[in-house]
Amino acid sequence: MTMTLEHDIDLDKKVDLQLADDANKVRKITIKTAELLKAVRRAVSIVNHNHSTLVLQNIFFATTDNGIILRAVNDSFSVETTIDPAHCVIEDDPRSVLFPAKRLLDIVSKMSGKNTTIFIRDNFIRIKSGRANMDIGVQDADEFPKLPQIKKGNTFEIAADALLDMYTRTVFATSKLESMPVLQGVLHDIEDQRFRCIATDRHRFAQVYHPTTIECEPMRVSVPAITINEVMKHLKEKKADTIKVTVKDTRVVYDMNDTVLYSQVLEGTYPDTNRIIPTGAKATVTVPNSEFLGAVKRAAIFLDDSNSSKITIMIDGEKNQMRIQSLDSDEGTMLEDMVTLKGEGGFASSTMNGRYLLESLSRIGGTAHVEIKMTSTMPFLLREANALEGNVNVVVPVKHRLDSSKSIENFTSNYNEEEADPFAGRAEEYAEQQASEATESQEGAA
């Protein structure tokens with residue numbers, strides 16, 4: 001045994017003896033390191049490490065009869081995550097302290113032991129895992145903001161996957177402008193037990209219905225997009241099959257099994273969006289979304305980052321024709337024709353913000369068929385074929401010279417994969433040529 005190893009063992013024993021001597025003054029908590037790291041990461045992820053209120057740069061850490069609670073707060077929402085008693089051993093009365101958030105994550109993420117033991121003595125902490133021992137100063141938890149007590153509210157339960165899908169299909173369309181704050185969130189509208197999510201920034205609109213009824217009283221509140229995005233992070237972790245959502249006055253609470261998120265709802269009355277959805281169409285076509293999305297992505301190659309970048313869509317329902325093109329860029333142009341799966345009506349064209357169209361299409365399943373409804377003056381409507389009738393995306397058109405067209409000129413049908421392949425047979429010809437040259441070479445050598 002080397003001198004260094006002997007020294008480490010002696011030091012480790014001294015630390016253990018010292019802690020044993022102070023046992024009557026120290027609270028001891030042992031936690032599975034992997035579970036502690038997951039909980040710390042969840043809490044620290046929402047902390048603003050440069051917040052002007054210093055106490056909010058910390059993590060609230062408390063022992064309870066039901067396990068260990070970690071809590072974090074920022075200007076938008078609060079998160080409380082729990083470590084189950086099955087993953088921790090608490091050897092004293094409940095106690096709460098404040099850890100520096102960034103420092104705690106640095107420490108726990110570098111621990112090598114299977115378990116981590118935390119010794120709390122007054123406002124000093126010793127964290128031990130494997131052979132590592134770290135001392136860290138903490139603060140009293142009295143100054144940390146208390147969570148709102150919501151004993152009873154308007155509550156409904158929903159499958160986690162269903163809520164994640166509804167949020168994914170809507171939150172992208174929320175407004176980024178502060179001139180109308182209520183549009184910076186996703187509207188949660190429940191009426192006659194039908195639940196829908198709506199988002200709009202007045203240039204585009206997304207609406208998704210839950211496929212089944214919801215047991216809940218009528219509700220109409222706008223939840224901030226920043227809150228929605230945080231909830232989606234937790235839903236993607238698949239920690240719970242069912243989510244409980246509670247709305248009480250100006251607050252909304254998401255109960256996601258071992259994590260609870262508290263947020264304010266947005267003030268103001270959400271505008272009536274029913275009139276945004278066009279009721280008629282001059283032309284309607286259905287296309288595979290994957291092919292349409294691919295064409296729009298190719299058209300977007302030449303779009304810049306400004307909101308003035310445009311893509312023009314032309315459809316002819318009677319002829320089952322569609323054209324996608326971008327012609328306004330200084331970098332280049334793109335034109336692609338598609339034969340649609342089916343169509344109704346005559347010719348119509350519409351020009352819209354290319355980024356808005358791309359984002360809308362990206363939220364629809366890649367294997368789905370998309371129904372497109374269009375007039376030359378009304379908003380451009382997208383919906384997944386065979387989906388709920390109310391699940392729609394709308395993009396408001398912009399003026400463009402191509403919108404005065406009367407038909408799709410010089411239409412080129414889809415590429416025929418069965419057409420003659422100029423490379424077919426070349427491999428065989430090359431092999432025969434190589435064999436012939438080899439034979440000639442052998443005859444020459446003979």
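Fair warning: this is a prediction, and the values are worked out from it, not measured in the lab.

Student: I tried to follow the overall build of the protein chain on my own but got confused; where do I start?
Tutor: In terms of helices and strands, the protein chain carries eight helices and 27 strands. Taken across its 446 residues, the protein chain has 47% of its residues classed as buried. Of the contacts formed within the protein chain by residues at least 6 apart in sequence, a portion of 69% connects residues at least 24 apart. When the accessible surface of the protein chain is split by element, carbon and sulfur atoms take 48% of a total near 24,000 Å².

Student: Even after reading the chapter, I still don't get the confidence of the model for the protein chain, so can you show me in this structure?
Tutor: Any region with low pLDDT has predicted coordinates that should not be read closely. Looking at the protein chain, the pLDDT average stands at 87 and 88% of residues meet or exceed 70. When mean pLDDT is taken per element in the protein chain, strand β12 (residues 185–191) scores highest with 97 and helix α1 (residues 3–21) scores lowest with 50. Low confidence marks residues 1–5, where pLDDT is under 50. Its contacts with residues over four positions away, or in another chain, come to two contacts.

Student: Which parts of the structure should I look at to understand the packing of aromatic side chains?
Tutor: Aromatic rings considered in pairs are described by the distance between their centres and by the relative angle of their planes. Tallied over the full model, the rule gives three aromatic pairs. Both rings, one in F156 and one in F195, keep their centres 5.2 Å apart while their planes meet at 55 degrees; by these two values the pair is tilted. One end of the pair, F156, is in strand β11 (residues 154–159); the other, F195, is in strand β13 (residues 194–200), with 39 residues separating them in the sequence. F195 carries the same exposure label as F156, and that label is buried. A cation over an aromatic ring shows up here: R71 above the ring of F60, its NZ or CZ 4.3 Å from the ring centre.

Student: Would you take a moment to explain the nonpolar core for this structure?
Tutor: Nonpolar side chains tend to gather and get buried jointly when the protein is soluble and globular. The biggest cluster of nonpolar side chains holds 69 residues, and the ones touching the most others in it are I243 and Y254. If you look at the next biggest cluster of nonpolar residues, it comprises 28 residues, including M322, M334, M338 and I364.

Student: Any chance you could explain the pattern of salt bridges here in plain terms?
Tutor: Two side chains of opposite charge can pair, provided their charged atoms sit close to one another. Tallied over the entire structure, the rule returns 19 salt bridges. Among the salt bridges present, the one from K238 reaches D161, with a minimum N-O distance of 3.5 Å. With K238 in the loop between α5 (225–236) and β16 (242–248) and D161 in helix α4 (residues 160–168), the pair connects residues that are 77 residues apart, well separated along the chain. Comparing K238 with D161, the two get one shared label, exposed. Linking R383 and E389 is a salt bridge whose minimum nitrogen-to-oxygen distance equals 3.7 Å. Given the relative accessible area of 58%, E389 is considered exposed. Salt bridges here are not isolated pairs; linked through shared partners, they connect D201, R204, R355 and E359.

Student: So what exactly am I meant to see when it comes to helix α2 (residues 33–44) here?
Tutor: Spacing of three or four residues puts side chains on the same side of an α-helix, whose turn is 3.6 residues. Taking 1.5 Å of rise per residue, the 12 residues of α2 would be expected to cover 16 Å, and the 16 Å separating its terminal C-alpha atoms lies within 8% of that figure. Within the sequence span of α2, burial applies to T33, L36, L37, A39, V40, R42, A43 and V44.

Student: Is there a simple way to explain the sheet that holds strand β25 (residues 369–374) in this structure?
Tutor: The strands making up a sheet associate through hydrogen bonds between their backbones, and the pairing can be parallel or antiparallel. Ordered by their spatial adjacency, nine strands build an open sheet running β15-β12-β13-β14-β27-β26-β25-β19-β23, and the pairing between neighbours is antiparallel. Pairing within the sheet leaves two strands with one partner each, and these edge strands are β15 (219–224) and β23 (342–345). Recorded for the sheet is a direction-independent mean angle of 15 degrees between the axes of neighbouring strands. Sheet analysis places strand β26 (residues 380–384) next to strand β27 (residues 392–395), joined by three bridges and oriented antiparallel. Opposite L382, over in β27, you have N393 as the bridge partner.

Student: Please clarify how the packing of helix α6 (residues 289–300) against helix α7 (residues 354–362) should be interpreted in this entry.
Tutor: Angle between the axes and distance between the axes: these two values describe a pair of packed helices. For the pair α6 and α7, the least separation of the axes is 10 Å and the interaxial angle reads 150 degrees. The orientation of α6 with respect to α7, classified from their angle, is roughly antiparallel. In this structure, α6 crosses over α7, and the sense of that crossing is left-handed. For the pair α6 and α7, contact is made by N289, F292, L293, V296, K297 and A300 and by L357, L358, L361 and S362, respectively. Class assignment for the residues of the contact of α6 with α7 results in seven nonpolar, two polar and one charged.

Student: Which parts of the structure should I look at to understand unusual backbone geometry?
Tutor: With the exception of glycine, most residues fall at negative phi, and the peptide bonds are largely trans. Even without being glycine, N320 reaches a positive phi, approximately 55 degrees. Within the fold, N320 resides in the loop between β20 (310–316) and β21 (321–326). Backbone geometry at N386 places phi at a positive 70 degrees, although glycine is not the residue there. Locating N386 in the fold gives a position in the loop between β26 and β27.

What counts and how
- Residues numbered from 1 in each chain as written.
- Predicted model: local features only at pLDDT ≥ 70, side-chain atom pairs only at ≥ 80, totals over all residues.
- Heavy atoms only, no water.
- Helix = DSSP H or I, 4+ residues; strand = E, 2+ residues; numbered from the N terminus.
- Buried < 20%, exposed > 50% of the residue type's maximum accessible area, 1.4 Å probe, protein only.
- Contact = heavy atoms within 4.5 Å.
- Areas by Shrake-Rupley, 256 points an atom, 1.4 Å probe, with all protein chains shown as cover.
- pLDDT = per-residue confidence, 0-100.
- Phe/Tyr/Trp six-rings, centres within 6.5 Å; stacked < 30°, edge-to-face > 60°.
- Lys NZ or Arg CZ within 6 Å of the ring centre and 35° of its normal.
- Core = buried A, V, L, I, M, F, W, Y, C linked by side-chain atoms within 4.5 Å.
- Salt bridge = Lys/Arg side-chain N within 4 Å of Asp/Glu carboxyl O.
- Expected span 1.5 Å × (residues − 1).
- Pairing = 2+ DSSP bridges.
- Axes fitted to C-alpha atoms, helices over the stretch in contact; angles between N-to-C directions.
- Parallel < 35°, antiparallel > 145°, perpendicular 65-115°, else oblique.
- Left-handed = near helix turned anticlockwise from the far one by under 90°.
- Nonpolar A, V, L, I, M, F, W, Y, C, P; charged D, E, K, R; others polar.

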